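# Structural features, examined
If you want the building blocks of each chain, they are given just below.
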Amino acid sequence: MKPPSRVRQMPILRVIARALVPVILLFGLYVQFHGDFGPGGGFQAGVIFAAGLIIFALTFGAETLRQVVPVVLTERLMAAGVLLYGAVGVVAMFLGGEFLNYSALDPLTTGHYGQHLGIIVIELGVGIAVAATIMRVYYAFVGRRTDEDRTGADPALDAGAGGEAS
Amino acid sequence: MPPVELLLMLLLLATVVVVARLKDLFAAAMLTGIASLLAAGLFVLMDAVDVAFTEAAVGAGVSTVLFLGALSLTSRREKQQERTRILPILIVVATGAALIYGTWDMPAYGDPDAVIHHHLAPELIAETEEKIHIPNIVTAILASFRGYDTFGEVVVIFTAGVGVALLLGGLGLRRRAGHGEEES
């Protein structure tokens, strides 16, 4: 195990991060599912959700986050989000509409329900893909080894470098 | 220009000038986050809340973290330039002047006679309630009217993520991560 870095010994940062991260994640979910009614949507929600998890990684170390969200999982979710979006289009085709014509998802009524359903699901796909991509990019950055890692990283930047030295 | 927007604009200007002049890259990365937050504030004042949301989350949040991540791989200080280079300054000033010259032909902000308010926008505003039945017109346009475009954008984001993963940490990272889990 890596000895705790300076950032991880700072109680103020730890306490604030512990209090803020759940709120940020909850807010991300709110933006995700409230996107039809207020500002926001899948993209913003995905970014907020990923940012919340990255704040967790900055204070508690990227290797701690990696135990919750493994790198492989982010890669699979990246693809899963895109596929979920595409699947909605294909399902709409099977139900007799055009690709991504959400009104076809609900053939019984005039289509409002289908539009709601389609938008919620594709926004979920966008959110999953964006959050996973940002997490993956973050992992790619902190997973790099440099010469400084062998000689001792810059302590001020240790937070950003969180978990590469295991 | 209203005083609040003027203040934000001046703060934004001051921030970017400081970012360009700073040699300490850690502070510069933080200031770019502040610049994004100021830009987000301007977008809110222009009633573009969805754009402001994105700017605040991406510009002030995630990209600052990625800057820090990139900085941890390099040096914290910018290398000293031996001399001031004239040509880059000339190119930047000329490009900026051309862009400002271009804005003279644009309709004034909020002008109801502007072309953009007469082409497509009235139809979309009128039809969203009837066809999509959700109150946020921006979401309706992005997710439904222009579902193809948004699908393409998600594929672009996915492709960008795959590109970064392959360039910066492909299989090697996964192997290292695997080792890390075994050790801990």
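Analysis parameters
- Residues numbered from 1 in each chain as written.
- Chains lettered and ligands numbered in written order.
- Predicted model: local features only at pLDDT ≥ 70, side-chain atom pairs only at ≥ 80, totals over all residues.
- Helix = DSSP H or I, 4+ residues; strand = E, 2+ residues; numbered from the N terminus.
- Buried ≥ 20, exposed ≤ 12 C-beta atoms within 10 Å, placed from the backbone.
- Contact = placed C-beta atoms within 7 Å.
- Nonpolar A, V, L, I, M, F, W, Y, C, P; charged D, E, K, R; others polar.
- Core = buried A, V, L, I, M, F, W, Y, C linked by C-beta atoms within 7 Å.
- Axes fitted to C-alpha atoms, helices over the stretch in contact; angles between N-to-C directions.
- Parallel < 35°, antiparallel > 145°, perpendicular 65-115°, else oblique.
- pLDDT = per-residue confidence, 0-100.
- Expected span 1.5 Å × (residues − 1).

Even without glycine at this site, Leu100 of chain A takes up a positive phi of about 70 degrees. Even without being a glycine, Leu120 of chain B presents a positive backbone phi close to 70 degrees. Tracing the backbone shows Leu120 of chain B in the loop between helix H4 (86-103) and helix H5 (121-132). Classification of Leu120 of chain B as exposed rests on a count of 11 C-beta atoms within 10 Å.

Counting residues at the interface gives 48 residues for chain B, matched by 57 residues for chain A. When contributions to the side of chain B that touches chain A are tallied by element, the ones reaching two or more residues are helix H3 (49-71), helix H6 (137-145), helix H7 (147-168) and helix H8 (171-183) of chain B. For the side of chain B that touches chain A, the element with the most residues is H3 of chain B, which contributes 14 residues. Its residues assigned to classes, the side of chain B that touches chain A shows 29 nonpolar, 14 polar and five charged.

The next point concerns the nonpolar core. Ranked by size, the top nonpolar core spans 69 residues in total, and within it Val47, Ala50, Ile54, Ala129, Ile134 and Tyr138 of chain A together with Val62 of chain B carry the most contacts. Per element, the largest residue contribution to this core is 17 residues, and it comes from helix H6 (residues 112-142) of chain A. When near neighbours in sequence (up to four residues on either side) are disregarded, Tyr138 of chain A contacts Ile54 of chain A together with Val65, Leu66 and Gly69 of chain B.

When two helices pack together, their arrangement is captured by the angle between the axes and the distance separating the axes. All names here are of chain B. Two elements in contact, H5 and H6, have axes whose closest approach is 10 Å; the angle formed by their N-to-C orientations is 70 degrees. If you check the angle between H5 and H6, you find them roughly perpendicular. In contact with Leu124, Ile125, Thr128 and Ile132 of H5, H6 contributes Ile137, Ala140, Ile141, Ser144 and Phe145.

Below, the discussion takes up the packing of helix H2 (residues 25-45) of chain B against H3 of chain B. Residue and element names in this part refer to chain B. Interhelical geometry of H2 versus H3 gives an angle of 175 degrees and a closest axis separation of 7 Å. With respect to their mutual orientation, H2 and H3 come out roughly antiparallel. Mapping the contact onto sequence places Leu25, Phe26, Ala29, Met30, Thr32, Gly33, Ser36, Leu37, Ala39, Ala40, Phe43 and Val44 in H2 and Val49, Val51, Ala52, Glu55, Ala56, Gly59, Ala60, Thr64, Phe67, Leu68 and Leu71 in H3. A per-class count over the contact of H2 with H3 returns 17 nonpolar, five polar and one charged.

Here we come to the confidence of the model for chain B. Residue and element names in this part refer to chain B. Mean pLDDT over chain B stands at 85; residues scoring 70 or higher make up 91%. Across residues 180-184, confidence stays below pLDDT 50; counting only partners more than four residues off in sequence or on other chains, it has six contacts. The complex prediction reports pTM at 0.82, with the ipTM value standing at 0.81.

Okay, helix H5 (residues 71-94) of chain A next. All names here are of chain A. Compared with the 34 Å implied by 1.5 Å per residue over 24 residues, the 34 Å span of H5 between its first and last C-alpha is a close match. Listed as buried for H5 are Val71, Thr74, Met78, Gly81, Val82, Tyr85, Val88 and Ala92. Of the residues one or two after H5, Gly96 is the one with positive phi, at around 100 degrees.

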